[in-house]
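Chains, contacts and geometry: an overview
In case you want the letters, here they are:
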Amino acid sequence: MKEETRKYAQEAYDIVKHASEVIGSRLPGSDGEKKYAHYMGEKLREIGIKPVTEEFEVSPRSSIGGIPYAGWMGLIISLLIYPALSIWQLWFAMAIGTVACWIWLIFSVFLYKTWFDMFFKQELSQNTYGELTPPDGKYDYTIILSAHTDTSWNWKHSAHGSWHKDKPLFALITTYGKVGFGAVCFFVLTVISVFMAVIYFGAVLNQTWAYSIMEYSSKFSILSKSLFFIPAVTALGSCFLIMWADPNPRNASKGAMDNATGCALSYEVIKYFKENPKKMPPKCRIIDLNCGSEEAGLRGSMAFAREHRNDDMLKNCWNINIDSVADKEYFEVVIKDDWQFCRFDKDLEKMFKDTFNEMGIESKTNGCIHNPVGGCDSTPMTKAGVKSVTFAAQNPMLTYYYHTWLDKADRFDAETIGDGFEVVLSVIDKISAFQQEKGFNGPQK
């Protein structure tokens, strides 16, 4: 790490420690999230940049935080199987309930659609940002440094993986095994409920095929008998889903890596240019954006993109989204959200890869990954016409500290954050050179 940037790295690490140890968990829409957003806003004010806060409504449990609801649904359906053997009309309600739950899971939990938000309790979240412009106030393009202020619910199965730190593969298998078993159980309940509802609906309509299956099919007879013990198995799997995200906010992730590091780095970079105006990219505006409610389905970046889609904020705009810079062996650029069907900017991808090579950074992920599940704040930005990628230094495998209360600052050091700081500065220099040579060319996918 260069000596001139060492103080910024240490200050960033101090911010991370304050966020995780003093403020603590920062669930979407919570008081903790608001405190951290206010804290980062005051940090901007300290260096002479006016913070702007934009509030928006969020339904924290309508997305990934609501996975336990599927578990509760599975547990209820498991218990209803016994009375449904006598009261056949219950199969219709059970089929409708499980199918509706799958529709919600697919579109809201996995694809981050907002369609079902209205059915969940809503809170107020916020985006807080500040901008640094050239002395004459004139600029041709904008660089947004974004990161999310909120943290995740504690994933109990991942946290339990800490019991097997010396056997990470075993911890990974047990974690995925529990959740996978729960998902299979819920799928089985859905298939059984829909199948039985179809059979009885056919019987109501006096269909011969329905009576034939019920009276003469050996497989139906076996299924009917198995329904006396299947609920015990599916109830256990459903309990694993219920345990997935602990609803207690005091047990939520402390968010040192994910994502106090991103907010701290964004701030320190804009502070660096504020204190070193001669190194500011020519004709460039830099914005430090602290997004709220990323863990609730990218709601903060969605709100920001929606608010500024048609104004000057996102015109000729580049976005370096910083999300979790702590694992020194896993420096990488995230180039795609697979589940969001969104490919990020190839020009920024190349800039990050070139920077890793120039700095001699060796990564176990070869400096590049797809985001296999969920999403990151680059997706709404890309869809709004911004050139964006996400920069991270995080083990992409499910670890005991990812989205758990074990995400603490003492697990990593300021040196790793310092390397991240220098990576971002180098990429900004490359953006400046690109602008001067080619101008803004929009997202290249």
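For the structure, see preceding data.
Before going into details, it helps to say that this report is about the structure given with it. This structure is a prediction, so every number in the text was calculated from the model and none was measured.

Section: the overall build of the protein chain
Helix and strand counts for the protein chain stand at 14 helices and eleven strands. A globule of 445 residues ought to have a C-alpha radius of gyration of about 22 Å, and the protein chain, at 25 Å, matches this closely. Expressed along its principal axes, the backbone C-alpha trace of the protein chain runs to roughly 85 × 50 × 40 Å. Taken across its 445 residues, the protein chain has 58% of its residues classed as buried. With 46 positive and 51 negative side-chain charges, the protein chain shows a spacing of 3 Å between the two charge centroids.

Digging into the layout of surface pockets
Vacant regions in the atomic arrangement are exposed by a probe of water-molecule size rolled over the atoms. When its volume is computed, the largest pocket comes out at roughly 1100 Å³. Lining the largest pocket we find 44 residues, and of these Ile64, Trp155, Val373, Gly374 and Tyr402 sit closest to its centre. Put simply, the parts of the chain that give the lining of the largest pocket at least two residues each are helix H3 (67–84), helix H4 (90–110), helix H6 (168–204), helix H9 (230–244), strand S7 (317–325), strand S8 (331–337), strand S10 (368–371) and strand S11 (387–393). Of the residues forming the lining of the largest pocket, the biggest block, six residues, is contributed by H6. The residue makeup of the lining of the largest pocket, split by class, is 26 nonpolar, 13 polar and five charged.

Some thoughts on the packing of H6 against helix H7 (residues 208–216)
Axis separation between H6 and H7 bottoms out at 7 Å; the angle between their running directions is 125 degrees. With respect to H7, the axis of H6 lies oblique. When the axes of H6 and H7 are compared, the crossing they make is left-handed. The segment H6 lies against H7, with Val198, Ile199, Tyr200, Gly202 and Ala203 engaging Trp209, Ala210, Tyr211, Ile213 and Met214. Its residues assigned to classes, the contact of H6 with H7 comprises nine nonpolar, one polar and no charged.

A word on a nonpolar patch on the surface
Together, Val99, Ile103, Val194, Val198 and Trp209 make up a nonpolar patch on the protein surface, roughly 380 Å² of accessible area in all. Among the elements of the structure, H4 and H6 are those that each provide at least two residues to the nonpolar patch. Tracing the sequence through the fold places valine 99 in helix H4. Given the relative accessible area of 36%, valine 99 is considered partly exposed.

Details of unusual backbone geometry
The step from aspartate 258 to asparagine 259 runs through a cis peptide bond, and the omega angle for that step is 10 degrees. If you trace the backbone, asparagine 259 turns up in helix H10 (residues 256–275). Although it is not a glycine, tyrosine 112 adopts a positive phi angle of roughly 60 degrees. Note on placement: tyrosine 112 falls in the loop between H4 and strand S2 (123–132). Of note, asparagine 206 is a non-glycine position whose phi angle comes to about 60 degrees, a positive value. One can find asparagine 206 in the loop between H6 and H7.

Side note on the packing of aromatic side chains
Summed over all chains, the structure comprises 28 aromatic pairs. Relative to tyrosine 272, the ring of tyrosine 8 has its centre 5.5 Å away and its plane inclined at 80 degrees; by these criteria the two rings are edge-to-face. Of the two residues, tyrosine 8 sits in helix H1 (residues 3–23) while tyrosine 272 sits in helix H10, which places them 264 residues apart along the sequence. Residues tyrosine 8 and phenylalanine 421 carry aromatic rings whose centres are separated by 5.4 Å and whose planes lie at 10 degrees to one another, so their mutual orientation is stacked. Taken together, the residues span a long stretch of sequence, with tyrosine 8 in helix H1 and phenylalanine 421 in helix H14 (residues 414–438) at a distance of 413 residues. Look at tyrosine 8 and you get buried, because its relative accessible area is 3%. On the basis of relative accessible area, phenylalanine 421 is assigned to the buried category, the value being 1%. Through pairs of rings, three or more aromatic residues link up here, namely Tyr8, Tyr272, Phe273 and Phe421. Over the ring of tyrosine 36 we find arginine 26, and its NZ or CZ is 4.7 Å from the ring centre. Positioned above the aromatic ring of tryptophan 318, the side-chain terminus of lysine 387 is 4.9 Å from the ring centre.

Scoring rules and cut-offs
Residues numbered from 1 in each chain as written. Predicted model: local features only at pLDDT ≥ 70, side-chain atom pairs only at ≥ 80, totals over all residues. Heavy atoms only, no water. Helix = DSSP H or I, 4+ residues; strand = E, 2+ residues; numbered from the N terminus. Rg over C-alpha atoms; globule rule 2.2 N^0.38 Å. Buried < 20%, exposed > 50% of the residue type's maximum accessible area, 1.4 Å probe, protein only. Lys, Arg positive; Asp, Glu negative; His and termini not counted. Charge placed at Lys NZ, Arg CZ, Asp CG, Glu CD. 1 Å grid on protein atoms, 1.4 Å probe; cavity = no way out; pocket = protein on both sides within 12 Å on 5 of 7 lines; lining within 4 Å. Points joined across faces, edges and corners; volume = space filled by probe spheres on them. Nonpolar A, V, L, I, M, F, W, Y, C, P; charged D, E, K, R; others polar. Axes fitted to C-alpha atoms, helices over the stretch in contact; angles between N-to-C directions. Parallel < 35°, antiparallel > 145°, perpendicular 65-115°, else oblique. Left-handed = near helix turned anticlockwise from the far one by under 90°. Contact = heavy atoms within 4.5 Å. Patch = residues over 30% accessible without salt bridge, like charges linked within 9 Å, V, L, I, M, F, W, Y side chains within 5 Å. Areas by Shrake-Rupley, 256 points an atom, 1.4 Å probe, with all protein chains shown as cover. Salt bridge = Lys/Arg side-chain N within 4 Å of Asp/Glu carboxyl O. Phe/Tyr/Trp six-rings, centres within 6.5 Å; stacked < 30°, edge-to-face > 60°. Lys NZ or Arg CZ within 6 Å of the ring centre and 35° of its normal.

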